[in-house]
Amino acid sequence: MIKAIFDTYGTPLLIALFAILFLVESKFQLRKRVHNRWKRMFINLIVSIPAFALLRLLFIPLMVWLAVQNQTWQFGVNYLYESSFAGKAVVSFLLLDYSIYIWHILLHKLPILWRFHLVHHTDLDLDVTTAFRFHFGEMIGSIFYRGAAILVIGASPLMVLIYEIVFEAATQFHHSNMKLPYRFEKILNYIIVTPRMHGIHHSMIKKETDSNYSVIFSFWDRIHKTVRLNVHQNEIVTGVPSYADERELTIGKLWILPFKSIRQWKDSERQTDKKFNQLKK
Ligand SMILES: [Zn+2]
């Protein structure tokens, strides 16, 4: 099943999406690039290798296995009511995405998880390659959380795989530095997380990082009032202030970063207006 869906359709689709986003963000840049693109791309791709290996060889097989086992156990929300296949698919998809929104908040709020998620946030520019920059420790943590979420939701193996593919695609899309037509993005943002919205989450200003946690659907942030859209893209400085020295962000140093003592966030303030829900250019 993993081969038939993830490897046959998912992987080529995600590679094609990467190529498209990479080309488009080269031509139509949203935020001005500050650091060398190729150097960052190299670091992000190498850092991601253990996380990718874990994803394909452990995470996905384990999640699908759990969902298959659960067809016998019949545990979770989806086994509590009668509905069509499509109805249950929609409920699973929404609940899986909501569980990821909560997981993303935990990554920021629990010090043990922040150590690992920090590696992702130390990127000093934001583009499609940032979507790969995850420490393998974060992947290991997510196995427990997302396994539990699959059981609580009662998601089917097929939905677990479909969600994973869309999740990876959405992650590439909202990390990209692609300049979409402003009005189009504003409308799109009512439903899904867009590059401008997620760009604010990677700001060096703490209250901006502490917002926009959604991954696929943007409405989780609106519902929980964690949305912040009132920041111009050219005002954003990307990264974590206490980890802004490029020389400290090499591949080896990023791998061992979570196992060292973690520096406090050195904050700076920016005057912003009151309308948090207004997406700015
Ligand atoms: Zn984050």
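Everything here concerns the structure above.
In this report, we go over the structure that sits alongside the text.

Details of the overall build of the protein
So, step 1. Across its full length, the protein carries 11 helices and zero strands.
So, step 2. For the protein, the N- to C-terminal ordering of α and β elements is α-α-α-α-α-α-α-α-α-α-α.
So, step 3. Scaling as 2.2 N^0.38, a compact globule of 281 residues should have a C-alpha radius of gyration of about 19 Å, and the protein matches this with 19 Å.
So, step 4. For the C-alpha atoms alone, the extent of the protein along its principal axes is close to 55 × 40 × 35 Å.
So, step 5. Considering only intrachain contacts with a sequence separation of at least 6, the fraction spanning at least 24 residues in the protein is 77%.
So, step 6. When the accessible surface of the protein is split by element, carbon and sulfur atoms take 69% of a total near 13500 Å².
So, step 7. Positive and negative side-chain charges in the protein, numbering 33 and 21 respectively, have mean positions lying 4 Å apart.

Observations regarding the coordination of the zinc ion
So, step 1. The zinc ion binds to the protein through His104 (NE2), His108 (NE2), His117 (NE2), His121 (NE2) and His201 (NE2); the donor distances cover 2.2 Å.
So, step 2. Sequence positions of the residues that donate to the zinc ion give the spacing H-x3-H-x8-H-x3-H-x79-H. Of this pair, His108 sits in helix α3 (residues 85-109) while His121 sits in helix α4 (residues 111-121), and the two are 13 residues apart along the sequence.
So, step 3. Looking at His108, the relative accessible area reads 10%, which means it is buried.
So, step 4. On the accessibility criterion, His121 (0% relative accessible area) is buried.

A look at the side chain of Arg196
So, step 1. For Arg196, the location among the structural elements is in helix α8 (residues 195-201).
So, step 2. Classification of Arg196 by relative accessible area gives buried; the value is 2%.
So, step 3. Of the polar contacts made by the side chain of Arg196, one reaches the side chain of Glu185; its length is 2.6 Å.
So, step 4. If near-sequence neighbours (up to four positions away) are discounted, Arg196 is found in contact with Leu30, Lys179, Leu180, Tyr182, Glu185, Gln233, Leu279, Lys280 and Lys281.

A short note on the packing of aromatic side chains
So, step 1. Following the criterion strictly, the structure yields 15 aromatic pairs and no others.
So, step 2. Taking the centre distance of 4.9 Å and the plane angle of 25 degrees together, the rings of Trp103 and Tyr145 count as stacked. A residue pair is termed long-range when its members are at least 10 positions apart, and Trp103 in helix α3 and Tyr145 in helix α5 (residues 136-153) qualify at 42 residues.
So, step 3. An aromatic cluster is defined as three or more aromatic residues linked by ring pairs; in this entry it consists of Phe93, Tyr98, Tyr101, Tyr163, Phe167, Tyr213, Phe217, Phe219 and Trp220.

A word on the side chain of Ser176
So, step 1. Residue placement: Ser176 occurs in the loop between α6 (157-175) and α7 (182-188).
So, step 2. Polar side-chain contacts of Ser176 include one of 2.8 Å to the backbone oxygen of Phe173.
So, step 3. Residue contacts for Ser176: discarding those within four places in its chain leaves Leu21, Glu25, Arg31, Asp127, Val128 and Pro195.

Some remarks on the pattern of salt bridges
So, step 1. For the coordinates displayed, the defined rule picks out 13 salt bridges.
So, step 2. As a salt-bridge pair, Glu246 and Lys39 come within 3.8 Å of each other at their nearest N and O atoms. In this pair, Glu246 sits in the loop between α10 (219-223) and α11 (251-256) while Lys39 sits in helix α2 (residues 37-73), placing the two residues 207 residues apart along the sequence.
So, step 3. Residue Glu246 is classed as partly exposed on the basis of its relative accessible area, which comes to 33%.
So, step 4. Sharing partners across several salt bridges, the network here consists of Arg33, Arg40, Asp123, Asp127 and Arg133.

Structural notes on α5
So, step 1. Look at α5: 25 Å from first C-alpha to last across 18 residues, which is about the 26 Å you get at 1.5 Å a residue.
So, step 2. Along α5, the largest kink reaches about 30 degrees and is centred on Ser142.
So, step 3. Gly137, Glu138, Met139, Gly141, Ser142, Ile143, Arg146, Gly147, Ala149, Ile150 and Ile153 are the residues of α5 that are buried.
So, step 4. Just downstream of α5, Gly154 is the residue with a positive phi angle, here 75 degrees.

Calculation notes
Residues numbered from 1 in each chain as written. Predicted model: local features only at pLDDT ≥ 70, side-chain atom pairs only at ≥ 80, totals over all residues. Heavy atoms only, no water. Helix = DSSP H or I, 4+ residues; strand = E, 2+ residues; numbered from the N terminus. Rg over C-alpha atoms; globule rule 2.2 N^0.38 Å. Contact = heavy atoms within 4.5 Å. Areas by Shrake-Rupley, 256 points an atom, 1.4 Å probe, with all protein chains shown as cover. Lys, Arg positive; Asp, Glu negative; His and termini not counted. Charge placed at Lys NZ, Arg CZ, Asp CG, Glu CD. Donors = N, O, S within 2.8 Å, 3.2 Å for Na, K, Ca; no water. Buried < 20%, exposed > 50% of the residue type's maximum accessible area, 1.4 Å probe, protein only. Polar contact = N/O pair within 3.5 Å; in protein donor to acceptor, adjacent residues only side chain to side chain. Phe/Tyr/Trp six-rings, centres within 6.5 Å; stacked < 30°, edge-to-face > 60°. Salt bridge = Lys/Arg side-chain N within 4 Å of Asp/Glu carboxyl O. Expected span 1.5 Å × (residues − 1). Bend = angle between axes of the 7 residues up to and from the residue.

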